[in-house]
Amino acid sequence: MAPRRSKHAPLLSMRGRRALLPWALLVPPLGVIGVLLLLPIGRIVWLSFRDFKLRNLVSGESDFIGLSNYVTLLTDPYLWQTVLVNTLTFAVVAVVTTVVLGTLVALLLSTLRPLPRIIVVSCIMVAWAMPAVSGTYVWIWIFDVDQGVIAQALMGMGVVDPGGYNWFADRFWFYAIVTLNIVHSGFPFVAVTLLAGLLTVPKELYEAARIDGAGAWKRFWHVTFPTLRPVFAVVTVLSTIWDFKVFAQIYLMPGGDVGGSEMLNLGVWSYVKSFGQNDFGMGSAIAVMLTLLLLGVTIVYLRALFREDELR
Amino acid sequence: MARRRVHQYLPLPAASLALVLAATACGGGDGGGDTDTLQVWIMEGTNPDATSFFDEVGTAFEEDNGIGVEVEFVPWQDAQDKISTAIAGDTLPDVVELGTTFTPEYADAGVLHDLSGYIDDPSRFQQEMYEMGVADDAAYGVPWYASIRSIIYRKDIFEEHGHEEPANWEELRDTALDLAEAEEDMIAFPVPGDAQYSVMPWIWGGGGEVAVEEADGTWSSTIDSPEGRAGVEFFTDLALEDDLSTTGAVNWNEIDVMEALSDEQAIMAISNSSNPKAIIENNPDLEDRLGVFVLPGQEDGYTESFAGGSLLSVFEGTGNEEAAWRYVDLLTNGEYFERWGEESGFFPAGVEEIEGYAESEDPLVQPFATQLLEAGKSTPAVPAWSQVEAEGVIVKMQQDILNGNASVEEATDTAAETIENILNEGN
């Protein structure tokens, strides 16, 4: 393409343009963030202070009820005994498992030659690319209580009675299946990101460590991990955010959508309150709580990260 | 070179501003007022494929009114979310099919158009269903079809082992026990966990009430009375004690139950009147091998079963209310009213039409008609009832018992208490 030249005199001086350029480039993302993120968040905070039911959704009018939704929420034993426990325990277990597995895969990948590496990376990308809904249905199908592969195998081996066992009704096994699902779809991101980091670690560091007599574990702990600390921080923060707000993978499971069931986490509970029971004010209060919890966790992580950076 | 770049990209601020404006503009001006086509939401679940029926109705409507019709099929489970979202986003359709149990809530919320001015003769509709759409003298829905649940069974298997249709609960249990032994690989009587309308008959049949209004206007539930418990216990014991069901059935809804029948896994199951056609559509081999019997009474007579169905409603404020009504009228009056019944297996919700079915010769239709006319029962016609369903109170009770997480006593206690709380808080 031939370069186009403006025939008009420039409206701004060169310096003015320079100063404007970053802002010009930032306008689209800022606009998108404002419209798609800040607006809905503001609306949810507003909703959480209101008595907002189906009738209000229709009329558009609602009453301000102060902290009433939050008081109801925080005094509900269901929050403390079920929902919060599910959300936190699941997030911790899933994040640790995802990061550890992702790291191991990344270490494996870094030792491979280019061609095998491309093949393995492509394979794990398939797990990553699987949409959450289809992925969840595949897991439900694998774990089908009567006909599933796992049930058939366990019954064949005599581990489970021929009558079968409904693991979807057992909180531990329910979340074990969710964890499997989440780790399966989450580890490729960690592995690929860490692999990119691993390839930048200078070989000399490992050679020096080897000469000093460091074994594999010591080389990882004293060379790889400190060098890649920022990368680890990023994958951990992101995994935490994803695992805290996991929704489809729980909601679609048998028993995952029944109000008052012991399988709900904060995200699903918020949805069931809002759309199942048409209590949008209460649902919003739960969503605000989830957001605050996530912000808190993220701030703690980020502070830890920056403190480490200052020390070095 | 770098300078050239800056120069070339100068129009960026304007471009990006335009982009942002374009992005934000998408939010507005989407809802209602579109008179070119009529938007219709029809529910889909355990009925046979309805596409060709609605294509034909749409063509007929367009010929008479010059307005095209766009029908969208919505799975029952998604209906509520979809309607809420559409209300919030102002993207409601013009006509919607609403289940009887959900109509009072939407009528109460003020989202539906009052059709009382259009309906010339309300008495020609099944009255219990018509009442579901009535609030303060306004009619927010037109009864479209009634559905009822009885028991579909494998006639060939019954005959092979010399069994008759059972006449009371004990006979039902004995028949199932015997068939379970004779057909080891089959499920004699699935006891589903995620199908509340399959649980209600046993509560009623035992002598309990899911919810009943007291003289002072409060609601009480007697699921936890000895009678209610006896019914629930009988049903769940078919799975827990007699092993006539399968462990996985705890997670089954009515669609899964129907699939168990059409996959030739189950011998008999509580099923909807629209199921025989859908089952034969799925598995033509079962033609002439199915039978239906009315839910037998605990001792004799019949056990009451949940009579549901759908009303057609028109949303308020779409600007198309007049045309929407004409479409509703086309479906609930005359030819298409009856044809939908014949094609779907549901019953047209008109008094005359239903009575016609009671004399039906069709063994897959007549027992359902008897059940509907003599032993049909509905849930309370109050807005708060839909909360009981949305919260899955009866589903949770049933699943807790089947999973062994609660005894019948504990689970029925919790369910009765929750139902009373919801219904009494809502009024």
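Each chain carries its own residue numbering, running from 1 in the written order of its sequence. As a convention, the first chain written is A and the first ligand written is 1, with the rest following in written order. Whole-chain, interface and lining totals are the exception, using all residues; otherwise, since this is a predicted model, local features are given only for residues with pLDDT of at least 70 and side-chain atom pairs are given and counted only at 80 or more.

K.L.:
Before we go on, may I ask you to explain the overall build of chain A in this structure?
P.N.:
Per the convention used, a helix needs a DSSP run of H or I reaching at least four residues, while a strand needs a run of E reaching at least two, with both numbered from the N terminus. Counting secondary structure elements, chain A contains 14 helices and 2 strands. In this description the radius of gyration comes from C-alpha coordinates, and the expected globular size is given by 2.2 Å times residues to the power 0.38. Relative to the 2.2 N^0.38 estimate, which gives 20 Å for 312 residues, the radius of gyration of chain A is 25 Å and therefore markedly larger than a compact globule would have. Seen along its three principal axes, the alpha-carbon backbone of chain A occupies a region of about 65 × 60 × 45 Å. Buried means a residue has 20 or more other C-beta atoms within 10 Å of its own C-beta, exposed means 12 or fewer, and partly exposed covers the counts in between; C-beta atoms are placed from the backbone. Per-residue burial for chain A yields a buried fraction of 28% across its 312 residues.

K.L.:
What is the right way to read the overall build of chain B from this model?
P.N.:
Helix and strand counts for chain B stand at 19 helices and 13 strands. Over its C-alpha atoms, taken along the principal directions, chain B stretches across nearly 90 × 55 × 55 Å. The proportion of buried residues among the 427 residues of chain B is 49%. Restricting to contacts in chain B with at least 6 residues of sequence separation, those with at least 24 account for 77%. Here, residues touch in the contact sense if the C-beta positions derived from the backbone fall within 7 Å of one another.

K.L.:
I'm lost on the pairing of strand 9 (residues 268-272) of chain B in this one. Help?
P.N.:
Successive residues of a regular strand alternate their side chains across the two faces of the sheet. Residues and elements named next belong to chain B. Burial analysis of strand 9 places 5 of its 5 residues in the buried class, the great majority of the element. Along strand 9, one buried face is formed by Met268, Ile270 and Asn272 and the opposite face, lined by Ala269 and Ser271, is buried too. Two strands pair when backbone bridges link them, and strand 6 (residues 142-154) and strand 9 are joined in this way by 5 bridges, in the antiparallel orientation. Its bridge partner being in strand 9, Arg149 is matched across the sheet by Asn272. Each pair of strands is called paired provided DSSP finds at least two bridges between the two strands.

K.L.:
Would you take a moment to explain the interface of chain B and chain A for this structure?
P.N.:
Interfaces are frequently sized by the accessible area removed from exposure as the parts join. Contacts between the two partners involve 34 residues from chain B, matched on the other side by 36 residues from chain A. If you list the elements that add at least two residues to the side of chain B that touches chain A, you get helix 1 (2-8), helix 2 (12-25), helix 4 (79-89), helix 5 (103-109), helix 17 (385-390) and helix 18 (393-402) of chain B. Take the side of chain B that touches chain A: its biggest share by element is 8 residues, from helix 2 of chain B. As a working rule, the residues Ala, Val, Leu, Ile, Met, Phe, Trp, Tyr, Cys and Pro are called nonpolar, Asp, Glu, Lys and Arg charged, and the rest polar, with Gly in that last group. Residue composition of the side of chain B that touches chain A, grouped by class: 15 nonpolar, 15 polar and 4 charged.

K.L.:
Hey, could you run me through the nonpolar core in this one?
P.N.:
Looking at soluble globular proteins, one finds that nonpolar side chains tend to be buried together. Residues B:Ala146, B:Ala269 and B:Tyr327 are the most contacted members of the largest nonpolar core, which totals 166 residues. Top contributing element to this core by residue count: helix 8 (residues 171-198) of chain A, with 11 residues. Here B:Ala269 is in contact with B:Ile151, B:Ile152, B:Phe189, B:Pro190, B:Val257, B:Ala260 and B:Leu261, once residues within four sequence places are set aside. A set of buried Ala, Val, Leu, Ile, Met, Phe, Trp, Tyr and Cys residues, joined to one another through C-beta atoms within 7 Å, is what we call a nonpolar core.

K.L.:
Looking at this structure, how should I read the domain arrangement of chain B?
P.N.:
All names here are of chain B. Annotation comment: domain bounds sourced from an automatic or database domain assignment. Assigned domains within chain B: domain 1 (37-147 + 307-376) and domain 2 (150-304 + 381-425). Look at where the C-alpha atoms of domain 1 and domain 2 centre, and you get two points 26 Å apart. With 28 residues of domain 1 at the interface, the matching set in domain 2 holds 29 residues. Secondary-structure elements contributing two or more residues to the side of domain 1 that touches domain 2 are helix 5, helix 6 (127-132) and helix 16 (366-374). Take the side of domain 1 that touches domain 2: its biggest share by element is 5 residues, from helix 16.

K.L.:
Looking at this structure, how should I read the packing of helix 5 (residues 114-129) of chain A against helix 8 of chain A?
P.N.:
How two helices pack is summed up by the angle between their axes together with the distance between the axes. Residues and elements named next belong to chain A. Note on method: axes are straight lines fitted to C-alpha atoms, helices fitted across the in-contact stretch only, with angles between N-to-C directions ranging 0 to 180 degrees. With their axes 7 Å apart at the nearest point, helix 5 and helix 8 run at an angle of 135 degrees to one another. Judged by the angle between their axes, helix 5 and helix 8 are oblique. With respect to the hand of their crossing, helix 5 and helix 8 are arranged in left-handed fashion. Contact residues: helix 5 offers Val121, Ile124, Met125, Ala127 and Trp128, while helix 8 offers His184, Ser185, Pro188, Phe189, Ala191 and Val192. Classifying every residue of the contact of helix 5 with helix 8 gives 9 nonpolar, 2 polar and no charged. Relative orientations are named as follows: roughly parallel for angles under 35 degrees, roughly antiparallel for angles over 145 degrees, roughly perpendicular for angles from 65 to 115 degrees, and oblique for any other angle. Each helix crossing is assigned a hand: it is left-handed if the near helix lies turned anticlockwise from the far helix by less than a right angle, otherwise right-handed if that turn is clockwise.

K.L.:
Please clarify how unusual backbone geometry should be interpreted in this entry.
P.N.:
The general pattern is negative phi for most residues beyond glycine and trans for most peptide bonds. Residue and element names in this part refer to chain B. We note that Asp90 has phi near 55 degrees; this positive angle belongs to a residue other than glycine. Looking at the element boundaries, Asp90 is found in the loop between helix 4 and strand 3 (95-99). A count of 13 C-beta atoms within 10 Å places Asp90 in the partly exposed class. You will see that Asp243, though not glycine, has its phi angle at about 55 degrees, which is positive. Structurally, Asp243 can be placed in the loop between helix 10 (226-240) and helix 11 (254-262). According to the C-beta neighbour criterion, Asp243 is partly exposed, with 13 such atoms within 10 Å.

K.L.:
Whenever I open this one, the environment of A:Trp167 confuses me. Can you help?
P.N.:
Residues and elements named next belong to chain A. Take Trp167: it is sitting in the loop between helix 7 (149-157) and helix 8. The class of Trp167 is partly exposed, set by 19 C-beta atoms lying within 10 Å. Measuring from C-alpha to C-alpha, the distance between Trp167 and Ala151 comes to 9.9 Å, with 16 residues separating the pair along the chain. If we skip the residues at most four places from it in the chain, Trp167 touches Phe143, Trp173, Phe174 and Ile177.

K.L.:
Please clarify how helix 16 of chain B should be interpreted in this entry.
P.N.:
The α-helix winds at 3.6 residues per turn, so residues separated by three or four positions along the chain end up facing the same way. For helix 16 of chain B, the full list of buried residues reads B:Pro367, B:Phe368, B:Ala369, B:Thr370, B:Gln371 and B:Leu372. Contact partners of the buried residues in helix 16 of chain B: strand 6, strand 10 (290-293), strand 11 (305-314), strand 12 (347-348), helix 15 (351-358) and strand 13 (376-377) of chain B.

K.L.:
Hey, could you run me through the confidence of the model for chain B in this one?
P.N.:
Detailed conclusions should not be drawn from predicted coordinates in areas where pLDDT is low. All names here are of chain B. The share of residues in chain B with pLDDT of 70 or more is 91%, and the mean pLDDT across the chain is 88. pLDDT expresses how confident the predictor is about each individual residue, on a scale running from 0 to 100. Least confident of the elements in chain B is helix 1, whose mean pLDDT is 39; most confident is helix 10, at 97. Predicted complex, confidence summary: ipTM 0.78, pTM 0.83.

K.L.:
For this particular structure, what's the right way to read the environment of B:Ile67?
P.N.:
Residue and element names in this part refer to chain B. Tracing the backbone through its elements, the reader meets Ile67 in the loop between helix 3 (51-65) and strand 2 (68-75). Overall, the presence of 18 C-beta atoms within 10 Å leaves Ile67 in the partly exposed class. For Ile67, the contacting residues outside a window of four places in its chain are Thr37, Leu38, Glu62 and Ala323.

K.L.:
What is the right way to read the pairing of strand 3 of chain B from this model?
P.N.:
Residues and elements named next belong to chain B. For strand 3, the buried fraction is high: 4 of the 5 residues fall into the buried class. Pairing of strand 1 (residues 37-44) with strand 3, which is carried by 2 bridges, proceeds in the parallel orientation. Bridge pairing in strand 3 places Trp41 opposite Val96. Summarising the sheet, strand 3 and strand 11 pair through 5 bridges and their orientation is antiparallel. Across the sheet, residue Glu97 finds its bridge partner in strand 11, namely Leu312.

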